[in-house]
There are 2 protein chains.
Amino acid sequence: MSDKQDDQQDMVEISRRRLLGTAGAAGAAGLVLGAAGGAATYAAAGEPSGGGDAPALATVGAGTVPFRGAHQAGITTPLQARGHVVAFDLAPGAGRKEAVALMRRWSAAAELLMAGRPVGDGDSGVARDAGPCSLTVTFGFGASFFDRTGLVARRPAQLEPLPAFSADRLDARRSNGDLWVQIGADDALVAFHALRVIQKEAGAAAKVRWQMNGFNRSPGATARPMTARNLMGQVDGTNNPKPTDPDFDRRIFVAAGGDQPWMTGGSYAVVRRIRMLLDDWEKLPLEKQERVIGRRKSDGAPLTGGTETTKPDLDKLGSDGKPVIPVDAHARISAPEQNGGAAMLRRPFSFHDGIGPDGTPDAGLLFICWQADPLRGFVPVQRKLDRGDALSAFIRHEASGLYAVPGGPADGEYVGQRLLEG
Amino acid sequence: MSDKQDDQQDMVEISRRRLLGTAGAAGAAGLVLGAAGGAATYAAAGEPSGGGDAPALATVGAGTVPFRGAHQAGITTPLQARGHVVAFDLAPGAGRKEAVALMRRWSAAAELLMAGRPVGDGDSGVARDAGPCSLTVTFGFGASFFDRTGLVARRPAQLEPLPAFSADRLDARRSNGDLWVQIGADDALVAFHALRVIQKEAGAAAKVRWQMNGFNRSPGATARPMTARNLMGQVDGTNNPKPTDPDFDRRIFVAAGGDQPWMTGGSYAVVRRIRMLLDDWEKLPLEKQERVIGRRKSDGAPLTGGTETTKPDLDKLGSDGKPVIPVDAHARISAPEQNGGAAMLRRPFSFHDGIGPDGTPDAGLLFICWQADPLRGFVPVQRKLDRGDALSAFIRHEASGLYAVPGGPADGEYVGQRLLEG
């Protein structure tokens, strides 16, 4: 069994134990059936079961991520095959009261969805037949949310607007927003269904500001769990901090005892729509592409040798007396040791929205990164990249968002309750 | 092992035997490695192998569909998780000579891609690490192709423009085209890579006219192979003819001895972008949705009872004296027995392109259907649906294409050679 499958199996077990331990009889029955089959789970909620039998789901369908816990799901969850990100603005006239009701509805829906159960009598049924497929639904608040809800005193300093970068070509209509929701699942219909439910449950309280779709590799496509490749063909994510690193929690999650106690266990998400200029990139010979990145394309190993996980030798000179890893190589400039140990957890989706108006592919990376403080994570790294990264000529930041993602809900809580009612 | 896996395994075996039997030493070596691992396959083509080991690919990655045969791939191939359809117009000044060279390049690329091998030294590497993931690449010719190449005498009568339907809201810029390519794979990166290769190999000979993306369920998401669900949540495809039906070939593929011998073994593809008005649909109570369709939503069984595969009892009356399956139910009007036995093989992808300018989801069905003659398949059924289908209020046909898809290439042939050089 692969590491990823191990992880997912662990999550299923954790989820099962958690829900069996805390839910009432109906909830527990739902979950037991939920682990056996999506149709049965629907049946447990009072809908016709269809076939009558409840065959064991395949691995992909059965993957379950817990909704409750110290942190929200969708941050350390392994990459999923399909993703949606969507930002909402509160409706005119809506304030804190409407926000409370909204976060209650969204939390209740997310918990059902992530357990593979239908949401209400009017459930559209798009996700039927499948299990939860490792669905996660993650909620965050943009800086403008605090103005709208009279909670400015609780707005974290970390939500100060990101600085402008010289390479930004940001579309304000596809940036920011009062509320942000990230949806990921290993099945496109399950993810789409969750997105529709979240939109529907927004009701009159909030309106979609922007929405984007993304994807990663399908489970089982590669022989073993591997670092992702992006649409440039580059291994992408090698230097990501790992949950087993001793300082992982400190770097990624907000510690207790901070200025804003409601953010304890939370994280800050920076979301950037990074368009890749693939027509230009693909014209570049392999050797030049590798010098732009500083790593081999085939396996992600640094140009100074070894394997993907070998530390790049940034001081090594070639026979021409120049650094083997060029001074403007992406891997050099983004290396943690070149950025005062700045660390963020990158957890992106690729995107492909067809052909743009200029005839080039409208494709690239829905860059999503997580950190305890953007001023110690994304910002310093992006500042350096903005000045000297050889990759800049082949990418364009088209949209940007920064969101405070509170910790996971405890039993009986909804997401954001400690902010809205604390 | 599931039926689908059985099918795929059969295909892998067929493909392996075929290529081992016909390819040269390098090809055979490439294929053996190809069955073992994507990276190794890249290595066989002369690129660095990366990790060095060649672990067995997971089922999804290893799925291989043969490029050569009586019919092109991607028609009877089981639904894939990810799809692209793209239409090209020949460039100004390009004619038959350029079309011959283009179809040679495209065929060579498709054969490599479908075997999980890189295409040339400049391969972008996006699909690395994975196997072919049941990739198929399918080529067709639109009516305008025959004008452009001086082959009007070989244009089949079946390519006469489709009649206008009252519910059509067709966008000409996203319809028709000289050439059409359908790409499907069980991994989004593999499919994207194939699309980029096809675009690149078009070179100066042809320019993209339109391009659309779609998806189906991920392998392993459901407990067993099931008929697909569309984004309305309806089981969709129950009445599809099956390759084991005695008259399947006659209905779907062009028989030998016809007016256009080059189309022997070929099929006609009707492609419609069918937008679903999901906001309206989801407001309809379940019971009304089921009367629109004539089938239960949960399991696709006809409203007259039984299971998904039970024949609807179209004459059955309810206690109110009215037909149990309403006179305007979609299942009644599209039933083969109501259309003189018209049959087509529907093989769609769902699509979701975010939020439309009107704030509603830009989502629905990339309807693709296959038949030996559109005048006996799509056209009569759509004529009936256009007049009386209750579903019409919830869908909108936004784009349309009709393409002659020639038979599969024999050894040494490229796709369309019998048309272009016959």
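- Identification of chain A as Deferrochelatase from Streptomyces coeruleoprunus is taken from an unreviewed UniProt entry.
- According to the UniProt record, the Sequence similarities (unreviewed entry) comment for chain A is "Belongs to the DyP-type peroxidase family."
- We quote the UniProt Function (unreviewed entry) comment for chain A here in full: "Involved in the recovery of exogenous heme iron. Extracts iron from heme while preserving the protoporphyrin ring intact."

### A look at the overall build of chain A
Here is step 1: Scanning chain A for helices and strands turns up 13 helices and nine strands.
Here is step 2: Looking at chain A as a whole, 58% of its 422 residues qualify as buried.
Here is step 3: Considering only contacts within chain A whose residues lie at least 6 apart along the sequence, 78% involve residues at least 24 apart.

### Re the relation of the copies chain A and chain B
Here is step 1: Overlaying chain A on chain B yields an RMSD of 0.0 Å, the required transformation being a rotation through 180° with an accompanying axial translation of 0.0 Å. Viewed as a symmetry operation, the transformation between the two copies matches a two-fold axis.
Here is step 2: When you check the interface residues of chain A against chain B, 100% turn up at the interface there too, and the contact is symmetric in its surfaces.

### Looking at the UniProt feature "domain: Dyp-type peroxidase N-terminal" (unreviewed entry) in chain A
Here is step 1: Taken from the UniProt record, the annotation "domain: Dyp-type peroxidase N-terminal" (unreviewed entry) applies to residues 72-216 of chain A.
Here is step 2: Span residues 72-216 of chain A is 28% helix and 22% strand, its end C-alpha atoms 20 Å apart.

### Notes on the domain arrangement of chain A
Put simply, an interface is often sized by how much accessible area is lost when its parts join up.
Residue and element names in this part refer to chain A.
Here is step 1: By domain assignment, chain A separates into domain 1 (1-20 + 70-142 + 177-219) and domain 2 (157-176 + 228-409).
Here is step 2: Of the residues lining the interface, 31 residues belong to domain 1; the matching set on domain 2 comes to 36 residues.
Here is step 3: Taking both partners together, domain 1 and domain 2 bury about 2600 Å²; carbon and sulfur atoms supply 65% of that area.
Here is step 4: One can count zero salt bridges joining domain 1 with domain 2.
Here is step 5: Applying the counting rule to domain 1 against domain 2 returns 15 residue pairs in polar contact (both at pLDDT 80 or more).
Here is step 6: For the side of domain 1 that touches domain 2, the elements supplying multiple residues, two or more each, are β1 (82-90), β2 (136-141), β3 (179-185) and β4 (206-215).

### Focus: helix α10 (residues 286-293) of chain A
Residues and elements named next belong to chain A.
Here is step 1: If you check which residues of α10 are buried, you get Q289, E290, V292 and I293. The arc enclosing the buried residues of α10, seen along the axis, measures out at 155°, which places them on a common side.
Here is step 2: Against the buried residues of α10 lie α9 (278-283) and α11 (330-333).
Here is step 3: Following α10 by one or two positions, G294 adopts a phi angle in the positive range, close to 90°.

### Quick look at the side chain of A:T77
Here is step 1: Mapped onto the elements, A:T77 comes out in the loop between α4 (59-62) and β1.
Here is step 2: Reaching out from A:T77, the side chain makes a polar contact with the backbone nitrogen of A:G74 at a distance of 2.9 Å.

### Remarks on the pairing of strand β4 (residues 206-215) of chain B
Residue and element names in this part refer to chain B.
Here is step 1: Here β4 lies mainly inside the structure; seven of its 10 residues are buried.
Here is step 2: In this structure, strand β1 (residues 82-90) lies alongside β4, joined through nine bridges in antiparallel fashion. Each bridged residue has a counterpart across the sheet, and for G83 the counterpart in β4 is G214.

### Side note on the interface of chain A and chain B
Here is step 1: Contacts between the two partners involve 61 residues from chain A and, on the opposite side, 61 residues from chain B.
Here is step 2: Buried area between chain A and chain B, summed over both chains or domains, comes out near 5000 Å², and the portion from carbon and sulfur atoms is 53%.
Here is step 3: Summed over the three residues of chain A that lose the most area to chain B, namely A:D129, A:R196 and A:R217, the buried surface amounts to 13% of that side.
Here is step 4: Across the chain A-chain B interface, the total number found is eight salt bridges.
Here is step 5: Taken together, the links from chain A to chain B amount to 22 residue pairs in polar contact (both at pLDDT 80 or more).
Here is step 6: In terms of residue count, helix α7 (residues 188-202) of chain A provides more of the side of chain A that touches chain B than any other element does, seven residues in total.
Here is step 7: Residues belonging to the side of chain A that touches chain B are distributed by class as follows: 27 nonpolar, 19 polar and 15 charged.

### So, the pattern of salt bridges
Here is step 1: With the rule as written, the count across this model stands at 52 salt bridges over all chains.
Here is step 2: Its salt-bridge partner being B:E398, residue B:R396 comes within 3.4 Å of it at the nearest N-O pair.
Here is step 3: Exposure remark for B:E398: the relative accessible area of 7% places this residue in the buried category.
Here is step 4: Several salt bridges share partner residues, and in doing so they unite A:D171, A:R173, A:R174, A:R273, A:R275, A:D353, A:D358, A:D362, A:R396 and A:E398 into one network.

### Here we look at the side chain of B:E398
Residue and element names in this part refer to chain B.
Here is step 1: Within the element layout of this structure, E398 appears in strand β9 (residues 395-405).
Here is step 2: Within the structure, E398 has its side chain in polar contact with the side chain of R273 (distance 2.6 Å).
Here is step 3: Excluding its chain neighbours within four sequence positions, the residues that come into contact with E398 are R169, L170, D171, R174, R273, R275 and D362.

### Regarding the state of the cysteines
Note on terminology: a disulfide is the covalent bond linking the sulfur atoms of two cysteines.
Here is step 1: Here the structure, examined in full by the defined rule, presents zero disulfides over all chains.
Here is step 2: Of the cysteine sulfurs around A:C133, a residue in no disulfide, the closest is that of B:C133, at 17 Å.
Here is step 3: A relative accessible area of 0% places A:C133 in the buried class.

Rules and cut-offs
- Each chain has its residues counted from 1, running along the sequence as written.
- Whichever chain is written first becomes A and whichever ligand is written first becomes 1, with later ones labelled in order.
- Only residues with pLDDT of at least 70 get local features here, since the model is predicted, and only at 80 or more are side-chain atom pairs given and counted; chain-wide, interface and lining totals rely on the full set of residues.
- Excluding hydrogens and water, the side-chain values take into account all heavy atoms of the structure.
- UniProt positions are given in the numbering used here, feature names are shortened, and annotations may be inferred rather than shown by experiment.
- By definition, any uninterrupted DSSP run of H or I lasting at least four residues is a helix, any uninterrupted run of E lasting at least two residues is a strand, and each is numbered from the N terminus.
- When accessible area is computed with a 1.4 Å probe and restricted to protein chains, residues below 20% of their type maximum are described as buried, those above 50% as exposed, and intermediate ones as partly exposed.
- Contact between two residues is taken to exist if any of their heavy atoms lie within 4.5 Å; hydrogens are not considered.
- Copy-to-copy alignment: least squares on C-alpha atoms, limited to residues at pLDDT 70 or above in both.
- These domain boundaries are the output of an automatic or database domain assignment.
- Once two parts are joined, some of their accessible surface, as seen by a 1.4 Å probe, is lost; buried area is that loss totalled over both.
- When a carboxyl oxygen of Asp or Glu is within 4 Å of a side-chain nitrogen of Lys or Arg, the pair counts as a salt bridge.
- Polar contacts here mean pairs of N or O atoms no more than 3.5 Å apart (in protein, one a potential hydrogen donor and the other a potential acceptor; neighbouring residues in sequence count only if both atoms are side-chain atoms).
- By definition, the arc is the one covered by directions from the helix axis to the C-beta atoms.
- Strand pairing is assigned whenever DSSP detects at least two bridges linking the two strands.
- Under this grouping Gly is polar, as are all residues other than the nonpolar Ala, Val, Leu, Ile, Met, Phe, Trp, Tyr, Cys and Pro and the charged Asp, Glu, Lys and Arg.
- Here, a disulfide means two cysteine sulfur atoms that sit within 2.5 Å of each other.

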